[in-house]
Amino acid sequence: MPASASPDLLGTTRRTDRQRGAGPSVGMPRWLWFPAAVAAAFIIIPLAAIILRVDLASFPALITSPSALEALWLSLRTAAASTALCILFGVPLSTVLARTSFRGQGLVRSLVLLPLVLPPVVSGLALLYTFGRRGLLGQSLDLVGIQITFTTLAVVLAQTFVALPFLVISLEGALRTSGTRYEAVAATLGARPTTVFRRVTLPLVGPGLLSGSVLAFARCLGEFGATITFAGNLPGVTSTMPLQVYLLRVDNPDAAVALSLVLVVVAVAVIGFARHGRAL
């Protein structure tokens, strides 16, 4: 470094490099390219196989059939409702986990994030033994004439159960990263806690909330195991797109591939939107 170089200028340059991303001077080992390429190929090649398997001539007719449109519309409706529930309950839960400290907090966080690693069928069984007619809460609900299993509501609950941790983990990370400095300043100026939360906290973590919500929506859209276990597979009621693909894979594989491609395209769009939200 020349003697005339300013420490402040050097610090600014380093910060600019970090903002722009890793450059060629990072010194990454060249051998990392091979396992990285294998990992990328392991994901990309099966997706390319779906695209190559699609019958382009019949593709429009397959994805616009009444059963396909019905399943797609049901998936979109239930995913939107489930995402709304994730936001409604996930935002307070994330805030409590990130902004408070209480005995057993680590255990609570672990249990909340458990659906991330649970097999979906186990999640479905847990919901069935909770809201089923003989379940923990289902017996009481059945006495007042409320049945949840094998209804569209069951689909929404199954999707919410598996997608809520995605929003919580994204938003909690954003809350911890943003810190509490601005909230403390607002509180010293006399703002009430609710006002601070609404006017300061939520705008600060807006990108994290957006990306978490989009990821939760994507998880809802692709949910299969918990749904078929808890809600069954009733056309027009609980038969979402993933369930429709599962049914068609034997009787009509071309239709199954066509619907799978639709889900892949939607997933790619969702991931791109989530990345854009994090970059805001």
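Residues numbered from 1 in each chain as written. Predicted model: local features only at pLDDT ≥ 70, side-chain atom pairs only at ≥ 80, totals over all residues. Heavy atoms only, no water.

Caption draft 1: Looking closely at the side chain of T227. Residue placement: T227 occurs in helix α12 (residues 225–230). You can call T227 buried: its relative accessible area is 0%. (Helix = DSSP H or I, 4+ residues; strand = E, 2+ residues; numbered from the N terminus. Buried < 20%, exposed > 50% of the residue type's maximum accessible area, 1.4 Å probe, protein only.)

Caption draft 2: Representation of a nonpolar patch on the surface. A contiguous nonpolar surface patch, about 550 Å² in accessible area, is contributed by L107, L111, L114, L116, V117 and I169. Taking the relative accessible area as the measure of exposure, L116 reaches 33% and is therefore partly exposed. (Patch = residues over 30% accessible without salt bridge, like charges linked within 9 Å, V, L, I, M, F, W, Y side chains within 5 Å. Areas by Shrake-Rupley, 256 points an atom, 1.4 Å probe, with all protein chains shown as cover. Salt bridge = Lys/Arg side-chain N within 4 Å of Asp/Glu carboxyl O.)

Caption draft 3: Quick peek at the pattern of salt bridges. Summed over all chains, the structure comprises six salt bridges. Between R99 and E183 there is a salt bridge; the shortest N-O distance is 3.0 Å. One end of the pair, R99, is in helix α4 (residues 66–99); the other, E183, is in helix α9 (residues 181–188), and 84 residues separate them in sequence. Here E172 ties to R176 by a salt bridge, and the two come within 3.1 Å at their closest N and O atoms. Taken together, the positions of E172 and R176, both in helix α8 (residues 152–178) and four residues apart, correspond to about one turn of that helix. Among the charged side chains, a network of salt bridges with common partners joins R109, E172 and R176.

Caption draft 4: Examining the side chain of T83 more closely. Relative to the helices and strands, T83 resides in helix α4. On the accessibility criterion, T83 (9% relative accessible area) is buried. Every residue in contact with T83, bar those within four places of it in the chain, is listed here: S213, A216, F217 and C220. (Contact = heavy atoms within 4.5 Å.)

Caption draft 5: Representation of the packing of aromatic side chains in the model. Overall, the coordinates contain two aromatic pairs when judged by the stated rule. Note on F131 and F230: the rings are 6.3 Å apart at their centroids and 50 degrees apart in plane angle, and the pair reads as tilted. Here F131, found in helix α6 (residues 120–131), pairs with F230, found in helix α12; they are 99 residues apart in sequence, far enough to count as distant. With a relative accessible area of 22%, F131 lands in the partly exposed category. (Phe/Tyr/Trp six-rings, centres within 6.5 Å; stacked < 30°, edge-to-face > 60°.)

So yeah, pure geometry; function would need other evidence.
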